[in-house]
Amino acid sequence: WDGEPILQSFPSEWAHELVSARYHELLEPIDKFWSGTPVHGTEFELPLGMRLIVNRWDQHLDLMVTMRSQACGQDGHCGNFNGDDQDDTTNLIKARMELRVSQQESLFPTPAGDESEPREMKLDECAKEVRAEAEIACKEKNVDSLSAAFL
């Protein structure tokens, strides 16, 4: 914070006049696939009722933002919060906004890998044996079909 490290030990807490943060073991991971796995996560409480939860893994981050509806509107990865899920498809969201973080706005100095647009996969393209293994893993972890779409 302001050039000084925070939350350097586990568990730990930190607060400033507008922001508070906790680094601790979470009861549930963001990605339900990892249920039952101990998760060290960071929770941030921000102004205007915004809450940010981060699960850090070896190769990626899981991030969940919860917030109130904004008076001037909002849009993002999960849609525009207008109650109409028909206008929240990937293609319609892409038409409304850029889905990639520009290099100028990125928190990371260099790209971590392939920067090309990922191809949208279709379920029928999945090899039958791979799909069968995935369905078994999801059932064992009690992952519903909506959550499985994000795995």
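Our structure is the block above this text.
Residues numbered from 1 in each chain as written. Predicted model: local features only at pLDDT ≥ 70, side-chain atom pairs only at ≥ 80, totals over all residues. Heavy atoms only, no water.

Draft legend 1. View of the overall build of the protein. When helices and strands are counted, the protein shows 3 helices and 5 strands. With 151 residues in all, the protein has 17% of them scored as buried. Look at the contacts in the protein between residues 6 or more apart in sequence, and 21% of them connect residues 24 or more apart. Accessible surface, the protein as shown: approximately 12200 Å² in total, 56% of it carbon and sulfur. (Helix = DSSP H or I, 4+ residues; strand = E, 2+ residues; numbered from the N terminus. Buried < 20%, exposed > 50% of the residue type's maximum accessible area, 1.4 Å probe, protein only. Contact = heavy atoms within 4.5 Å. Areas by Shrake-Rupley, 256 points an atom, 1.4 Å probe, with all protein chains shown as cover.)

Draft legend 2. How the structure looks around the pairing of strand 3 (residues 39-45). Along strand 3, 5 of the 7 residues are buried, which leaves the element largely enclosed by surrounding structure. Sheet analysis places strand 2 (residues 20-26) next to strand 3, joined by 7 bridges and oriented antiparallel. Among the inter-strand pairings, Ser20 is bridged to a residue of strand 3, identified as Glu45. Examined bridge by bridge, strand 3 and strand 4 (residues 51-56) share 5 bridges and lie antiparallel to one another. By the bridge assignment, Gly41 is partnered in strand 4 with Asn55. Count of turn residues in the strand 3/strand 4 antiparallel hairpin: 5 residues, of which Leu48 carries a positive phi of about 60°. (Pairing = 2+ DSSP bridges.)

Draft legend 3. Focus on the nonpolar core. Grouped together as the largest cluster of nonpolar side chains are 6 residues: Leu7, Trp14, Val19, Ala21, Phe44 and Val54. Beyond its immediate sequence surroundings of up to four residues, Val54 is in contact with Ile30, Gly41, Thr42, Phe44, Leu61, Asp62 and Leu63. (Core = buried A, V, L, I, M, F, W, Y, C linked by side-chain atoms within 4.5 Å.)

Draft legend 4. View of the sheet that holds strand 4. With antiparallel pairing, 5 strands are arranged side by side in an open sheet as 1-2-3-4-5. Where the open sheet ends on each side, the last strands, each with one partner, are strand 1 (12-15) and strand 5 (61-66). The mean angle between the axes of side-by-side strands here comes to 20°, regardless of whether they run parallel or antiparallel. The pairing of strand 1 with strand 2 spans 4 bridges and is antiparallel. (Axes fitted to C-alpha atoms, helices over the stretch in contact; angles between N-to-C directions.)

Draft legend 5. Up close: unusual backbone geometry. In the segment running from Phe10 into Pro11, the intervening peptide bond is cis, with an omega of -15°. Its place among the elements puts Pro11 in the segment before strand 1. In the Ramachandran plot, Leu7 falls in the positive-phi region, its phi being about 50° despite a non-glycine side chain. Considering the arrangement of structural elements, one finds Leu7 in the segment before strand 1.

Draft legend 6. Fine view of the pattern of salt bridges. Counted by the stated rule, this structure contains 6 salt bridges. Measuring nitrogen to oxygen at the nearest pair gives 2.4 Å for the salt bridge that ties Arg96 to Asp75. Highlighted residues: Arg96 in helix 1 (residues 90-96) and Asp75 in the loop between strand 5 and helix 1, separated in sequence by 21 residues. A relative accessible area of 31% means that Asp75 is categorised as partly exposed. Classification of Arg96 as partly exposed rests on a relative accessible area of 35%. Among the charged side chains, a salt-bridge network with shared partners connects Glu43, Glu45 and Arg51. (Salt bridge = Lys/Arg side-chain N within 4 Å of Asp/Glu carboxyl O.)

Draft legend 7. The packing of aromatic side chains, seen in detail. In the structure shown here, the tally under the stated rule is 3 aromatic pairs. A centroid spacing of 4.9 Å and a plane angle of 50° characterise the contact between Trp1 and Trp14, whose relative ring orientation is tilted. You can see Trp1 sitting in the segment before strand 1 and its partner Trp14 sitting in strand 1, a full 13 residues away along the chain. According to the relative accessible area criterion, Trp1 is partly exposed, its value standing at 40%. (Phe/Tyr/Trp six-rings, centres within 6.5 Å; stacked < 30°, edge-to-face > 60°.)

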